[in-house]
Protein chains: 2
Amino acid sequence: MDYQRFFEDAVDELRRERRYRTFAEIERDAARFPHAVWHRPEGARDIVIWCSNDYLGMGCHDDVVEAMCATARQAGAGAGGTRNISGNSHAVVELERELADLHGKEAGLVFTSGYISNQTGISTLARLIPDCLVLSDALNHNSMIEGVRQAGRDKQIFRHNDLAHLEELLKAAGGRPKLVVFESVYSMDGDVAPIGAICDLAERYGAMTYLDEVHAVGMYGARGGGIAERDGVMHRVDVIEGTLGKAFGVVGGYITGRASVIDAVRSYAPGFIFTTALPPAVAAAAAASVRHLKASGAERARQHAQVAKVKRALEAAGLPQLATSTHIVPVMVGDATACKAASDLLLEEHGIYIQPINYPTVPRGTERLRITPGPFHDDALVAQLARALVDVWSRLGLPFESRAEAAE
Amino acid sequence: MDYQRFFEDAVDELRRERRYRTFAEIERDAARFPHAVWHRPEGARDIVIWCSNDYLGMGCHDDVVEAMCATARQAGAGAGGTRNISGNSHAVVELERELADLHGKEAGLVFTSGYISNQTGISTLARLIPDCLVLSDALNHNSMIEGVRQAGRDKQIFRHNDLAHLEELLKAAGGRPKLVVFESVYSMDGDVAPIGAICDLAERYGAMTYLDEVHAVGMYGARGGGIAERDGVMHRVDVIEGTLGKAFGVVGGYITGRASVIDAVRSYAPGFIFTTALPPAVAAAAAASVRHLKASGAERARQHAQVAKVKRALEAAGLPQLATSTHIVPVMVGDATACKAASDLLLEEHGIYIQPINYPTVPRGTERLRITPGPFHDDALVAQLARALVDVWSRLGLPFESRAEAAE
């Protein structure tokens with residue numbers, strides 16, 4: 001049996017389909033974020049990151065970095081065990097209190113990643129509720145899809161953000177227990193769920209709600225509680241899931257909710273029970289970030305301002321951006337090869353790093369550059385970005401918006 | 001629909017079955033490991049941890065802690081994205097080189113945890129091999145069971161470390177592709193797989209091998225490559241999986257193997273692709289630990305010496321330990337309530353922290369205290385441990401070994 005051959009063939013298939021991914025090797029420079037060093041065979045080069053999920057640069061904030069260092073020196077680099085067996089650090093318990101408070105919930109539970117919090121969180125909740133039907137948004141993240149799949153419960157997919165379709169499915173389900181699983185900000189299109197209206201439906205038809213706010217926590221709401229906080233509906237959502245690895249700038253994931261719900265997940269979720277706990281140093285860094293963003297709106301305000309400037313600059317240049325109401329700015333290419341070529345040219349010629357987003361992360365034909373402006377992208381960087389994109393679009397013969405043609 | 005009720009009932013069921021877990025809140029003191037502070041409602045108390053999976057205390061090693069701090073200050077507290085989208089740090093690439101070298105393999109791949117490396121690693125491998133039959137040891141860890149389950153392939157469970165049974169199943173499977181999934185050191189019984197003999201069978205019947213060395217890496221073999229290195233069979237195993245969260249003292253997991261195999265997992269595994277990368281600071285700390293333990297055998301030698309002393313002390317006291325050839329020393333209780341009571345008494349009366357191990361981590365009737373002596377448990381602590389156990393065993397009326405009775 002030639003096993004190596006199976007794996008070579010599997011990778012070759014990706015190459016044939018132009019889906020083979022090459023990872024750019026990056027060394028961030030915390031003192032100069034979003035500047036970084038790109039390590040390539042020909043030598044290092046200074047670049048500007050425009051596709052980071054460290055949306056507010058909090059991973060480079062002194063308070064966050066120093067909390068990590070101080071706690072590592074105090075308590076070591078790791079947790080030393082699972083939460084049950086010697087790994088339940090003081091720091092992780094304090095972090096869970098911060099997170100419960102952030103979302104106005106009774107309790108919080110931290111996982112090693114946002115991915116695992118969805119995967120083991122959703123599957124455990126759906127398994128504990130007898131005869132549960134899971135209703136899942138069509139554009140939910142892979143981690144949620146895997147969670148729904150592992151639950152092994154009946155599931156129905158409602159069309160993305162489609163309230164009428166969700167209502168139709170809820171109504172048809174009758175009196176059985178139901179769990180509605182959805183996101184607030186969808187990361188690739190940058191659009192936002194009607195959380196309040198979904199809660200209305202959930203109440204009307206007796207469903208429980210599970211909301212993923214990973215692309216919103218830290219960035220929306222007066223204290224960074226996410227879109228649900230901004231919309232004044234945080235208290236109406238049963239379980240709010242979030243990440244410590246994006247706007248909070250560190251790593252890890254969590255859920256918050258009623259004490260009984262959180263205690264049940266804590267007690268039954270295999271992906272929580274059988275894994276080494278988050279290091280206290282990581283938990284302390286994340287807690288410092290959450291605390292900072294509860295009190296300070298400056299990063300959010302500056303991010304919103306720079307996002308608006310990027311959108312205006314791209315519009316003025318006639319670049320084909322997808323309109324969003326969030327900090328995510330997709331510029332559409334619509335072809336895998338062209339998308340990769342645009343990304344390569346930006347990096348090599350302009351020192352601008354925007355990873356191409358191809359299938360299966362987005363549907364074929366909707367390949368794009370996904371730009372995430374943050375508070376540290378100053379006006380000069382915004383202007384440089386727009387110039388570089390225009391240059392690359394011109395060199396590759398990519399279409400500009402019809403607005404430009406209309407002006408002819 | 002009273003959802004809260006479902007969750008309250010689920011937790012109540014655990015309480016009725018005496019399986020409800022309370023986590024001791026611990027603050028490790030890196031300068032005095034295995035000493036720590038136990039945070040309890042009545043106030044803090046100094047304790048000694050005897051159940052840590054930071055087996056060699058490397059989480060508290062200066063080189064490891066300082067690598068974490070230096071990299072956090074240089075590159076920030078987090079990675080800022082997935083491996084594909086801006087999170088592929090220089091530090092994580094270097095760590096993968098260290099790990100491939102540790103196991104004598106062409107390539108390595110780092111995951112956010114050992115749990116996820118098994119879960120997404122095994123399921124991806126088994127899915128990529130057409131018509132794959134998975135043969136899995138009966139005592140494999142939950143993360144491997146979940147990986148096998150998610151593969152959705154045919155599976156067969158062979159009796160724990162039973163070569164005859166494994167051969168019977170391999171033979172019956174005929175010429176179809178097969179993946180044998182097993183561990184080197186089984187964490188709860190502390191016994192060891194016959195890796196070479198399993199490789200013999202895999203070669204004879206054309207199976208691929210996947211070996212979990214999480215409780216062995218850093219501790220066995222001349223450079224800490226694990227039991228497979230110690231036994232001189234590392235090159236015969238196709239995929240070796242390990243953790244950065246136990247003897248290496250930090251957090252994260254990995255697989256190593258042929259470049260084509262690792263590239264295929266990198267390209268297809270959802271639990272790798274769709275998750276935020278390990279922070280560069282964590283990767284740098286782990287790499288420092290791996291490097292240190294490649295060059296230094298002092299920690300291993302001292303651990304083995306202190307483990308032997310603990311075993312001798314428990315034997316002299318007539319305490320019912322399970323004989324093992326590893327660093328894991330299970331002291332059998334055989335009852336969930338008594339096991340919890342013993343653990344509570346040790347902690348409250350003697351300041352000795354050994355978490356009770358109850359069902360479902362071990363079968364009912366085999367409840368135990370699982371002791372993991374390390375290089376920093378000095379002879380005085382070993383003597384104190386034996387005295388405390390004798391005191392607790394006496395107070396609870398737990399049986400001593402028949403050896404003591406035979407002496408009557």
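Residues numbered from 1 in each chain as written. Chains lettered and ligands numbered in written order. Predicted model: local features only at pLDDT ≥ 70, side-chain atom pairs only at ≥ 80, totals over all residues. Heavy atoms only, no water.

1. What about the sheet that holds strand β4 (residues 107-111) of chain B?
Residues and elements named next belong to chain B. Quick reminder of the rule: In this analysis, strands are considered paired if DSSP registers two or more bridges between them. Under the scheme used here, helices are H or I runs from DSSP no shorter than 4 residues and strands are E runs no shorter than 2 residues, and both carry numbers assigned from the N terminus. Under this scheme, a helix contributes an axis fitted over its contacting stretch, all axes are lines through C-alpha atoms, and angles between N-to-C directions fall in the 0 to 180 degree range.
Sheet architecture is open: 7 strands sit in the order β4-β10-β9-β8-β7-β5-β6, paired in mixed fashion. Because the sheet does not close on itself, it has two edges, and the strands there are β4 and β6 (154-158). Within the sheet, the average angular offset between the axes of one strand and its neighbour, ignoring direction, is 20°.

2. Examining the pattern of salt bridges
For clarity, the cut-off: Here, a salt bridge means any Lys or Arg side-chain nitrogen found within 4 Å of an Asp or Glu carboxyl oxygen.
The tally for this structure, following the rule as stated, stands at 56 salt bridges over all chains. Via salt bridges that share partners, A:E98, A:D101, A:R223, A:R291 and A:K294 belong to a single interconnected network.

3. As for the packing of helix α3 (residues 90-102) of chain A against helix α11 (residues 280-295) of chain A
Residues and elements named next belong to chain A. What counts here: We call two directions roughly parallel when the angle between them is under 35 degrees, roughly antiparallel when it is over 145, roughly perpendicular when it lies between 65 and 115, and oblique otherwise. Rotating anticlockwise by less than a right angle from the far helix to the near helix defines a left-handed crossing, while the corresponding clockwise rotation defines a right-handed one. By the convention used here, residues are in contact when the closest approach between their heavy atoms is within 4.5 Å. Throughout, the ten residues Ala, Val, Leu, Ile, Met, Phe, Trp, Tyr, Cys and Pro are labelled nonpolar, Asp, Glu, Lys and Arg are labelled charged, and all others, Gly among them, are labelled polar.
Orientation of α3 relative to α11, taken along the N-to-C sense of each, is 25°, at an axis distance of 8 Å. On the basis of their axis angle, the class for α3 and α11 is roughly parallel. Where α3 crosses over α11, the two elements pack in a sense that is left-handed. Residue-level contacts link A91, V92, L95, E98, L99, D101 and L102 of α3 to P280, A283, A284, A286, A287, V290, R291 and K294 of α11. Here the contact of α3 with α11 is built from residues that sort into 11 nonpolar, no polar and 4 charged.

4. Describing the packing of helix α6 (residues 163-173) of chain A against helix α7 (residues 195-205) of chain A
Residues and elements named next belong to chain A. Remark: α6 packs on α7, axes separated minimally by 10 Å, with the N-to-C direction vectors making an angle of 15°. Taken as axis vectors, α6 and α7 run roughly parallel relative to one another. Classified by chirality, the crossing of α7 by α6 is right-handed. Seen from α6, the contacting residues are L163, L166, E167, L170 and K171; seen from α7, they are A197, I198, L201, R204 and Y205. Class assignment for the residues of the contact of α6 with α7 results in 7 nonpolar, no polar and 3 charged.

5. Topic: the packing of aromatic side chains
Within a pair of aromatic rings, the relevant descriptors are the distance that separates the centres and the angle that separates the planes. Put simply, the rule is: Here a pair means two rings of Phe, Tyr or Trp (six-membered ring of Trp) with centres within 6.5 Å. Their orientation is stacked below 30 degrees between planes, edge-to-face above 60, and tilted elsewhere. Buried residues are those whose accessible area, probed at 1.4 Å on protein chains only, stays under 20% of the maximum for their type, while exposed residues exceed 50% and partly exposed ones sit between those limits. Any Lys NZ or Arg CZ found within 6 Å of a ring centre and within 35 degrees of that ring's normal is scored as a charge over the ring.
Summed over the entire model, instances satisfying the criterion amount to 6 aromatic pairs over all chains. Taking the centre distance of 5.8 Å and the plane angle of 75° together, the rings of B:F111 and B:F272 count as edge-to-face. In this pair, B:F111 is assigned in strand β4 and B:F272 in helix α10 (residues 270-273), connecting sequence segments 161 residues apart. The class for B:F111 is buried, based on a relative accessible area of 3%. Of note, A:R266 hangs over the ring of B:F23, and the distance from its end group to the ring centre comes to 4.6 Å. The ring of B:Y20 has B:R15 sitting right over it, with the charged end atom 4.2 Å from the ring centre.

6. Some details on the interface of chain A and chain B
Selection rule: Put simply, buried area is the surface a 1.4 Å probe can reach on two separate parts but cannot reach once they are joined, added for both. Here a polar contact is recorded for every N or O atom pair within 3.5 Å, except that within protein the pair must consist of a potential hydrogen donor and a potential acceptor, and residues adjacent in sequence are included only if both atoms are side-chain atoms.
At the interface, 105 residues of chain A touch 104 residues of chain B. Interface of chain A and chain B: buried area, both sides summed, is about 8,700 Å²; carbon and sulfur atoms make up 59% of it. Considering only the side of chain A, the residues that lose the most area to chain B are A:F7, A:F23 and A:N84, jointly responsible for 9% of the buried surface there. Summed over the shared surface of chain A and chain B, the result is 2 salt bridges. For B:R73, the salt bridge is made with A:E66, and the minimal N-O distance between the two is 2.6 Å. Remark: the boundary between chain A and chain B carries 45 residue pairs in polar contact (both at pLDDT 80 or more).

7. Structural notes on the environment of A:R300
Residue and element names in this part refer to chain A. With respect to the element layout, R300 can be found in helix α12 (residues 298-317). Each C-alpha atom of the pair R300 and G218 lies 7.9 Å from the other, and the pair is 82 residues apart in sequence. The residues contacting R300, other than those within four sequence positions of it, are L56, G218, M219, Y220, G221, A222, R223, G224, L293 and K294. Looking at R300, its side chain comes within polar contact range of the main-chain oxygen of L293, at 2.8 Å.

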